[in-house]
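Below, each chain spelled out in residue letters.
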Amino acid sequence: MSAELISPLPIARTCPYAPPAEHRRLREEAPIARVKLPNGRTAWAVTKHEHIRTVLSDPRFSSNRRDPGFPSLSREPPPASDLKPLLLELDPPEHGQVRRGVLGEFTVQRTQALGPRIQQIVDEHIDAMLAGPRPVDLVQAFSLPVPSLVICELLGVPYADHEFFQKRSATLVNQQNTAEEIGRAVGELMMYLGKLVAAKAQDPTDDLLGRQIRKQRESGAVDYEDLVSMAFLLLIAGHETTANMISLSTLVLLQQPEKLAALQADPTKTLGAVEELLRYFTIAEHALGRVAREDVELGGVLIRAGEGVLLLANTGNRDPEVFGNADELDLERGARNHLAFGFGPHQCLGQNLARLELQIVIDTLFRRIPGLRPAVPVETLSFKDDATVYGIREFPVTW
Amino acid sequence: MRIIIDENKCCGAGQCVLIAPRVFDQRDDGIVILLDEAPPKELHAAVREAACVCPGAAIALEERP
Ligand code: HEM
Ligand code: SF4
């Protein structure tokens, strides 16, 4: 069980629809294995479904991304930050307290209330695509702006500020930008969110920020700094992730027209299809990390305190012990026990919103643009193999 | 089948509500509510699935023959 993966992560994919073959080999031969990271350190890669669930629900593993042992795909150490830790980085018991503060904003019911607005946002972007030139980059014209505007809606960003918000959030996720450009966009967004929170304190409107302010007032003092970092986390956690899933789902459905046709014939199948697309792509393959707080034995391997663990969830979601024909996209599979949103107490807070966005996109995009197709050979598309979150960089489409 | 939920473990992602809406609901603050602690047989499969996917292991089942 002490096998090592010689080549450092990230490893380039040979197929855009499957994690690298090396990850699969690990799952088959050494499901808990040492791997090299780009910064020269090593971490444990965990590739079996069962082990990934175990680690993600075990409080002996920490989410503290500022711990030097936390596995990262970046060459540089994380920039020193005086920002208070985000929800995503907290461990129990603080994590549960903070999460419970916002949980009510993400219930199934509350999320569904956003449906009509999401539909409107999707329709407006399709109108603009249909009225504009062809070919167009689906990523810029559709996949990125839709989830960014949904987050505007969730937070209660006024309409007049949508463009400002969206430009900055697009800068944040563009890997082509320099660290300086990204840093400036982060600064501008934080400043903007600070002003937004201050405005909501004057006039607590009926949206996430307004309701949080009213609720916190009832139980004592409002922590404005916390609200700003929560708003920022929702943007970084909910924007590029959803955008990547929109682009990847569109591509695979265009490439497998018989599956798309079956979906279009029966819209009650869309939600199940979304679940399978989430499993199939599991874009967080490189995004789920933990660091051991104490020595832990897992599947016969001793993980020492301070060592990093990477949960390769896309590989775990292809585990044949859990999913039959795991490498196949089966839109009628009906399996929900996948790890696309993680597992345990940190499991994606925005998952119901993400499901709803994807459902509306899939139900609308192909219906309104029936001739939609890739405008370039699919082999020439560039995928985010080396990124923390997997996706497509640019996806020219026409119709 | 009898269902026992542990509110303290619930992390409120609402998976159980999506899978078995006749058995589980969420309070305004996101925490699970048990609507039926002994659901009829035709819901058992959905309840088992909800217990399996619950990220907080907050749903325990007592299966009686
Ligand atoms: C398809 C799109 C999405 C995917 C694949 C995804 C995936 C994930 C994953 C894997 C985690 C767990 C991280 C960990 O355990 O370390 C997570 C956490 C989180 N996600 Fe998502 N996410 C998506 C969309 C969203 C959206 C739309 C929002 C909100 C607007 C959101 C907000 C969050 C937050 C706040 C957390 C941290 C929860 C916590 O630490 O308790 N996500 N997401
Ligand atoms: S699935 Fe589990 S964690 Fe999620 S709401 Fe239901 S009981 Fe709570």
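The structure contained in this document is the topic of the report that follows. Everything numeric here is computed off the predicted structure, so don't read it as measured data.

### Here we look at the overall build of chain A
Okay, step 1: Scanning chain A from N- to C-terminus turns up 16 helices and 11 strands.
Okay, step 2: Here the C-alpha atoms of chain A give a radius of gyration of 21 Å, agreeing with the 21 Å that 2.2 N^0.38 yields for 399 residues.
Okay, step 3: Seen through its C-alpha atoms, chain A measures out along the principal axes to roughly 55 × 55 × 40 Å.
Okay, step 4: Looking at chain A residue by residue over its 399 residues, the buried ones come to 54%.
Okay, step 5: Counting only contacts in chain A whose residues sit at least 6 apart along the sequence, the fraction spanning at least 24 positions is 71%.
Okay, step 6: Carbon and sulfur atoms form 53% of the exposed surface of chain A, whose accessible area is close to 17200 Å².
Okay, step 7: Taking the average location of the 43 positive side-chain charges in chain A and that of its 52 negative ones, the two points are 1 Å from each other.

### Observations concerning the interface of chain B and chain A
Okay, step 1: Contacts between the two partners involve 23 residues from chain B and, on the opposite side, 18 residues from chain A.
Okay, step 2: A combined buried area of about 1600 Å² lies between chain B and chain A, and 49% of that area is made up of carbon and sulfur atoms.
Okay, step 3: Broken down residue by residue, the surface that chain B buries against chain A is led by Cys11, Leu18 and Pro55 of chain B, which jointly contribute 31%.
Okay, step 4: Connecting chain B to chain A are one salt bridge.
Okay, step 5: The shortest N-O distance in the salt bridge between Glu49 of chain B and Arg336 of chain A comes to 4.0 Å.

### What to know about the sheet that holds strand 11 (residues 396-398) of chain A
Okay, step 1: If you trace the three strands from one edge of the open sheet to the other, you get 5-11-10 (chain A), paired in antiparallel fashion. Two strands lie at the open edges of the sheet, namely strand 5 (136-137) and strand 10 (373-374) of chain A, each paired on one side alone.

### Digging into the pairing of strand 6 (residues 289-292) of chain A
Residue and element names in this part refer to chain A.
Okay, step 1: Alternating positions in strand 6 separate into two faces, Gly289 and Val291 on one and Arg290 and Ala292 on the other, with burial throughout.
Okay, step 2: Summarising the sheet, strand 4 (residues 61-62) and strand 6 pair through two bridges and their orientation is antiparallel. Among the inter-strand pairings, Ser62 is bridged to a residue of strand 6, identified as Val291.

### Here's the deal with the packing of aromatic side chains
Two aromatic rings, taken as a pair, are described by how far apart their centres are and by the angle between their planes.
Residue and element names in this part refer to chain A.
Okay, step 1: Counted according to the given criterion, the structure contains six aromatic pairs over all chains.
Okay, step 2: Measuring from centroid to centroid gives 5.2 Å for Tyr280 and Phe281, while their planes differ by 75°, and the two rings are edge-to-face. The residues Tyr280 and Phe281 share a single accessibility class, namely buried.
Okay, step 3: Between Phe383 and Tyr390, the aromatic rings sit 6.2 Å apart at their centres with planes inclined by 15°, giving stacked as the arrangement.
Okay, step 4: For Tyr390, a relative accessible area of 2% translates into the label buried.
Okay, step 5: Stacked on the ring of Tyr390, the Lys or Arg Arg13 has its end atom at 3.6 Å from the ring centre.

### Brief notes about the site of ligand 1
Residue and element names in this part refer to chain A.
Okay, step 1: Taken together, 27 residues are adjacent to ligand 1, and His95, Arg99, Arg290, His346 and Cys348 come closest.
Okay, step 2: Secondary structure elements with two or more residues in the shell around ligand 1: helix 3 (94-102), helix 11 (224-238), helix 12 (240-255) and helix 16 (351-368).
Okay, step 3: Considering each element in turn, the shell around ligand 1 owes the most residues, four residues, to helix 11.
Okay, step 4: For the shell around ligand 1, the class distribution of residues is 17 nonpolar, seven polar and three charged.

### A few points about the packing of helix 7 (residues 145-155) of chain A against helix 11 of chain A
All names here are of chain A.
Okay, step 1: Where helix 7 contacts helix 11, the axes come no closer than 10 Å and their chain directions differ by 155°. Compared by their axis directions, helix 7 and helix 11 come out roughly antiparallel. Crossing of helix 7 against helix 11: the hand is right-handed. Across the interface between the two elements, Pro147, Ile151, Leu154 and Leu155 of helix 7 pack against Ala231, Leu234, Leu235 and Gly238 of helix 11.
Okay, step 2: Here the residues of the contact of helix 7 with helix 11 sort into seven nonpolar, one polar and no charged.

### Observations regarding the coordination of the iron atom of ligand 1
Okay, step 1: Just one protein ligand coordinates the iron atom of ligand 1, and it is Cys348 of chain A (SG) at 2.3 Å.
Okay, step 2: Among the secondary structure elements, Cys348 of chain A is positioned in the loop between helix 15 (313-316) and helix 16.

### Quick word on the pattern of salt bridges
Residues and elements named next belong to chain A.
Okay, step 1: Under the defined criterion, the tally for this structure stands at 32 salt bridges over all chains.
Okay, step 2: Here Asp223 and Lys84 are joined by a salt bridge, their closest N and O atoms 3.5 Å apart. With Asp223 in the loop between helix 10 (208-218) and helix 11 and Lys84 in the loop between strand 4 and helix 3, this pair connects stretches of sequence that are 139 residues apart.
Okay, step 3: Here Asp223 falls in the partly exposed class, since its relative accessible area comes to 28%.

### A few points about the nonpolar core
General note: in soluble globular proteins, nonpolar side chains tend to be found buried as a group.
Okay, step 1: With 111 residues, the main nonpolar core has Phe142, Leu155 and Phe165 of chain A together with Phe24 of chain B as its most contacted residues.
Okay, step 2: Examining the composition of this core, we find that nine residues originate from one element, helix 16 of chain A, more than from any other.
Okay, step 3: Once residues within four sequence positions are removed from consideration, Phe142 of chain A is found in contact with Val122, His125, Ile126, Met129, Pro147, Ile246, Val361 and Leu365 of chain A.
Okay, step 4: Counting residues in hydrophobic clusters, the runner-up holds 18 residues, among them Phe61, Ala292, Val296 and Leu339 of chain A.

### Focus on helix 1 (residues 21-29) of chain A
Residue and element names in this part refer to chain A.
Okay, step 1: Every buried residue of helix 1 is listed here: His23, Leu26 and Arg27. The arc enclosing the buried residues of helix 1, seen along the axis, measures out at 95°, which places them on a common side. Set apart from the buried face of helix 1 by more than 90 degrees, the exposed residues are Glu28 and Glu29.

### Let's talk about the side chain of Gln216 of chain A
Residue and element names in this part refer to chain A.
Okay, step 1: Secondary-structure assignment places Gln216 in helix 10.
Okay, step 2: Under the relative-accessibility criterion, Gln216 is labelled buried at 17%.
Okay, step 3: A polar contact is formed between the side chain of Gln216 and the backbone nitrogen of Asp223, at a distance of 2.9 Å.
Okay, step 4: In contact with Gln216, other than residues within four places in its own chain, are Ala221, Val222, Asp223 and Leu227.

Rules and cut-offs
For every chain, the first residue of the written sequence is number 1, and numbering continues from 1 along that sequence. Throughout, the order in which chains and ligands are written sets their labels, letters from A for the former and numbers from 1 for the latter. Under the rules for a predicted model, residues below a pLDDT of 70 receive no local features and side-chain atom pairs below 80 are neither given nor counted, while totals for whole chains, interfaces and linings still include all residues. Water and hydrogen atoms were dropped before computing side-chain values, which therefore reflect all heavy atoms in the structure. Put simply, DSSP marks the helices as runs of H or I at least four residues long and the strands as runs of E at least two long, and each gets a number from the N terminus on. Just to be clear, the radius of gyration here is over C-alpha atoms, and the globule rule we use is 2.2 Å times residues to the power 0.38. For every residue, the accessible area (1.4 Å probe, protein chains only) is compared with the maximum for its type, and the residue is labelled buried under 20%, exposed over 50%, or partly exposed between those bounds. By definition in these notes, contact holds between two residues if any of their heavy atoms fall within 4.5 Å. Using a 1.4 Å probe, the Shrake-Rupley method yields the accessible areas, and only the shown protein chains count as cover for residues. When charges are tallied, Lys and Arg are placed among the positive residues and Asp and Glu among the negative ones, while His and the ends of the chain are skipped. In this description, the location of a charge corresponds to atom NZ of lysine, CZ of arginine, CG of aspartate or CD of glutamate. Simply put, the buried area is the total loss of 1.4 Å probe accessible area from both parts when two parts are fitted together. By definition here, a salt bridge exists when the distance from a side-chain nitrogen of Lys or Arg to a carboxyl oxygen of Asp or Glu is within 4 Å. Whether two strands pair comes down to DSSP finding at least two bridges between them. What counts as a ring pair is set by centres within 6.5 Å for rings of Phe, Tyr and Trp (its six-membered ring), and what kind of pair is set by the plane angle: stacked under 30 degrees, edge-to-face over 60, tilted for all other angles. Any Lys NZ or Arg CZ that is within 6 Å of a ring centre and within 35 degrees of that ring's normal is treated as a charge sitting over the ring. Near is defined per residue: the residue qualifies when any heavy atom it owns lies within 4 Å of the molecule or strand. Each residue is assigned to one of three groups, with Ala, Val, Leu, Ile, Met, Phe, Trp, Tyr, Cys and Pro labelled nonpolar, Asp, Glu, Lys and Arg labelled charged, and all others, Gly among them, labelled polar. Between the N-to-C directions of two axes lies an angle of 0 to 180 degrees, each axis being a line fitted to C-alpha atoms and, for a helix, fitted only over the stretch in contact. Angles are sorted into four bins: roughly parallel if under 35 degrees, roughly antiparallel if over 145, roughly perpendicular if 65 to 115, and oblique for all others. Crossing handedness is read from the near helix: turned anticlockwise from the far helix by less than a right angle, it gives a left-handed crossing, and turned clockwise, a right-handed one. A donor here means an N, O or S atom no more than 2.8 Å from the metal, or no more than 3.2 Å when the metal is Na, K or Ca. Since water is not included, a site may seem to lack partners. We call a set of buried Ala, Val, Leu, Ile, Met, Phe, Trp, Tyr and Cys residues a nonpolar core when their side-chain atoms join them within 4.5 Å. Arc definition: directions from the helix axis to the C-beta atoms. In protein, a polar contact means a hydrogen-donor-capable atom and an acceptor-capable atom, both N or O and within 3.5 Å, with residues adjacent in sequence counting only if both atoms are side-chain atoms; elsewhere, any N or O pair within 3.5 Å suffices.

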